[in-house]
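Here's the letter readout for the chains.
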Amino acid sequence: MKAVFLDYKSLDQDDLDFSALKAVFSDLILYPAVQEEEVFDRIHDAEVVITNKVMISGDVIRQCAKLKLILISATGTNNVDLAQAREQGIVVCNCQAYGTAAVAQHTMALMLALSTSLIQYDRAVKQGEWQKAKQFCLLDFPIVELTGKTLGIVGYGELGQAVAKLAEAFGMKVLVASLPNRPVKENRVPFADLLAQVDYLSLHCPLNDETRDLIDAAELEKMKSTAFLINCARGGIVNEQALAHALRQGQIAGAATDVLSIEPPTEGNALLANDIPNLIITPHSAWGSVDARQRIVQQMVENVEAFQKAQPIRQVN
């Protein structure tokens, strides 16, 4: 089978092994990145197309008579017209749970950085403050222990559970939220009640109509002034203007996010202002360990091999 990977550089930083993926195809063409208007020219004679973020529209799919399989080298499927693929009998498979360990680790790293004022202390040393100190150490910024603190988790799938396990290893008490307007499940806490109890709030739910702006001004006001917010889910779950205001006003102690509502933030973002205190932003990199990215390659190999046996796995259409 001839295969085309439309944007392999979104996955590979010259640190991945594609040999197993190449082995399952008679021909694999790797493009670093393809613009949407170039897609048809690149894939018109391919049997398999691989995409991470490049859009494969219904119009393009209709024109690709040889296309049999679309592999998404990610979990989200919004960049492929699933209905048109289904109509033409084209199988679409994604990758799943490849980044659980990486994102859980990143979540804890952000939590620890906030708790220890890590970035502030690093900056102080590089600015010469330690060198001018009258004693052996600097204690200019607050340091908080995780042990004994309460972590609230919103979204208790595989990722939320992985974070809970790590947090418990630090001696934290874990509460799981029940989303608003849903029946409260056993061993879960109503969302509004949870907000007032937690020292840390970590988001791991999908972005949809139910969760958009889930954390807004009213929710931030319910949190303790000593609480921290961590978002390694999706940017739109938190109202960014409201969070910027809450941090400036000291309504919560700090926040860290790996995601923004528009990525990359080419036209700016409320959270990118340089006067927001105790905010850490990482560039949607939580998932991106070399281990997780290699796991995506392996899952794509598995998806192809299963398709070739007429027993597709991870099929989404």
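The rules we used
- Residues numbered from 1 in each chain as written.
- Predicted model: local features only at pLDDT ≥ 70, side-chain atom pairs only at ≥ 80, totals over all residues.
- Heavy atoms only, no water.
- Helix = DSSP H or I, 4+ residues; strand = E, 2+ residues; numbered from the N terminus.
- Buried < 20%, exposed > 50% of the residue type's maximum accessible area, 1.4 Å probe, protein only.
- Contact = heavy atoms within 4.5 Å.
- Areas by Shrake-Rupley, 256 points an atom, 1.4 Å probe, with all protein chains shown as cover.
- Lys, Arg positive; Asp, Glu negative; His and termini not counted.
- Charge placed at Lys NZ, Arg CZ, Asp CG, Glu CD.
- Arc of directions from axis to C-beta.
- Pairing = 2+ DSSP bridges.
- Right-handed = clockwise from strand over helix to strand, strands pointing away.
- Axes fitted to C-alpha atoms, helices over the stretch in contact; angles between N-to-C directions.
- UniProt positions renumbered as here; feature names shortened; annotations may be inferred.
- 1 Å grid on protein atoms, 1.4 Å probe; cavity = no way out; pocket = protein on both sides within 12 Å on 5 of 7 lines; lining within 4 Å.
- Points joined across faces, edges and corners; volume = space filled by probe spheres on them.
- Domains from an automatic or database assignment.

1. Quick notes on the overall build of the chain
Of the regular secondary structure elements, the chain holds 11 helices and 12 strands. Dimensions of the chain, computed from the C-alpha atoms along their principal axes, are close to 70 × 50 × 35 Å. Among the 317 residues that make up the chain, the fraction classed as buried is 47%. Long-range contacts, defined here as pairs at least 24 residues apart, represent 65% of the contacts in the chain between residues at least 6 apart. When the accessible area of the chain is evaluated, it comes to approximately 15,700 Å², of which 50% is carbon and sulfur surface. A distance of 4 Å separates the average location of the 28 positive side-chain charges in the chain from that of its 38 negative side-chain charges.

2. Brief notes about helix 6 (residues 118-126)
Three or more residues of helix 6 are buried, namely Gln120, Tyr121 and Ala124. Seen along its axis, helix 6 keeps its buried residues to an arc of 95 degrees; they face one direction. Exposed residues on helix 6 whose side chains face more than 90 degrees from its buried face are Leu118 and Lys126. Of the surrounding secondary structure, the elements contacted by the buried residues of helix 6 are helix 5 (100-116). Directly after helix 6, the chain includes Gly128, whose backbone phi takes a positive value near 90 degrees.

3. Notes on the pairing of strand 9 (residues 200-203)
Side chains Tyr200 and Ser202 project from strand 9 onto one buried face, and the interleaved Leu201 and Leu203 project onto a second face that is buried too. Relative to strand 9, strand 6 (residues 150-154) runs parallel, the two being bridged by 4 bridges. Bridge pairing in strand 9 places Leu151 opposite Tyr200. Where strand 9 meets strand 10 (residues 228-231), 4 bridges bridge the pair, whose relative direction is parallel. Within strand 10, the residue paired with Leu203 across the bridge is Asn231. Handedness of the crossover is the feature at issue here: the chain leaves strand 9, passes through helix 9 (residues 217-222), returns alongside strand 10, and the resulting connection is right-handed.

4. With respect to the sheet that holds strand 9
Across the sheet, 7 strands lie side by side as 8-7-6-9-10-11-12; this open sheet has parallel pairing. Bordering the open sheet on either side are strand 8 (189-190) and strand 12 (279-281), each of which pairs with just one other strand. Against the sheet, helix 5 makes contact with strand 6, strand 9, strand 10, strand 11 (254-257) and strand 12, and its axis sits at roughly 155 degrees relative to strand 10, the strand it touches most.

5. Points about the UniProt feature "domain: D-isomer specific 2-hydroxyacid dehydrogenase catalytic" (unreviewed entry) in the chain
In this structure's numbering, the residues bearing the UniProt feature "domain: D-isomer specific 2-hydroxyacid dehydrogenase catalytic" (unreviewed entry) are residues 24-314. In the segment residues 24-314, helix accounts for 33% and strand for 15%; the C-alpha atoms at its two ends are 17 Å apart.

6. Focus on empty space enclosed by the protein
Within this structure, the stated rule accounts for 1 cavity of 30 Å³ or more. Volume-wise, the largest cavity comes out at about 60 Å³. In this structure, the largest cavity is lined by Leu229, Asn231, Gly235, Val238, Glu240, Leu243, Ala255, Ala256, Thr257, Val259, Leu260 and Leu271. Looking at the lining of the largest cavity, the elements that each hand over two or more residues are strand 10, helix 10 (240-249) and strand 11. The element best represented in the lining of the largest cavity is strand 11, accounting for 3 residues.

7. Regarding the domain arrangement of the chain
When its domains are assigned, the chain resolves into domain 1 (2-97 + 290-309) and domain 2 (99-281). For domain 1 versus domain 2, the distance between C-alpha centres works out to 34 Å.

8. A few points about the environment of Lys165
Structurally, the position occupied by Lys165 is in helix 7 (residues 158-169). Here Lys165 falls in the exposed class, since its relative accessible area comes to 64%. On a C-alpha basis, the gap between Lys165 and Leu82 in space is 35 Å, while along the polypeptide they are 83 residues apart.

9. Here we look at the UniProt feature "domain: D-isomer specific 2-hydroxyacid dehydrogenase NAD-binding" (unreviewed entry) in the chain
In the UniProt entry, the feature "domain: D-isomer specific 2-hydroxyacid dehydrogenase NAD-binding" (unreviewed entry) is given for residues 108-286. Here residues 108-286 runs as 30% helix and 16% strand, with 11 Å between its end C-alpha atoms.

10. Here's the deal with unusual backbone geometry
Note the cis peptide between Glu263 and Pro264, where omega equals -10 degrees. Mapped onto the elements of the fold, Pro264 is located in the loop between strand 11 and strand 12. Look at Asn181: it is not a glycine, yet its phi comes out positive at around 65 degrees. Along the chain, Asn181 falls in the loop between strand 7 (173-178) and strand 8. Asn181 sits in the exposed class, given a relative accessible area of 83%. With phi around 55 degrees, Arg314 is a residue other than glycine that occupies positive phi space. Structurally, Arg314 is set in the segment after helix 11 (290-308).

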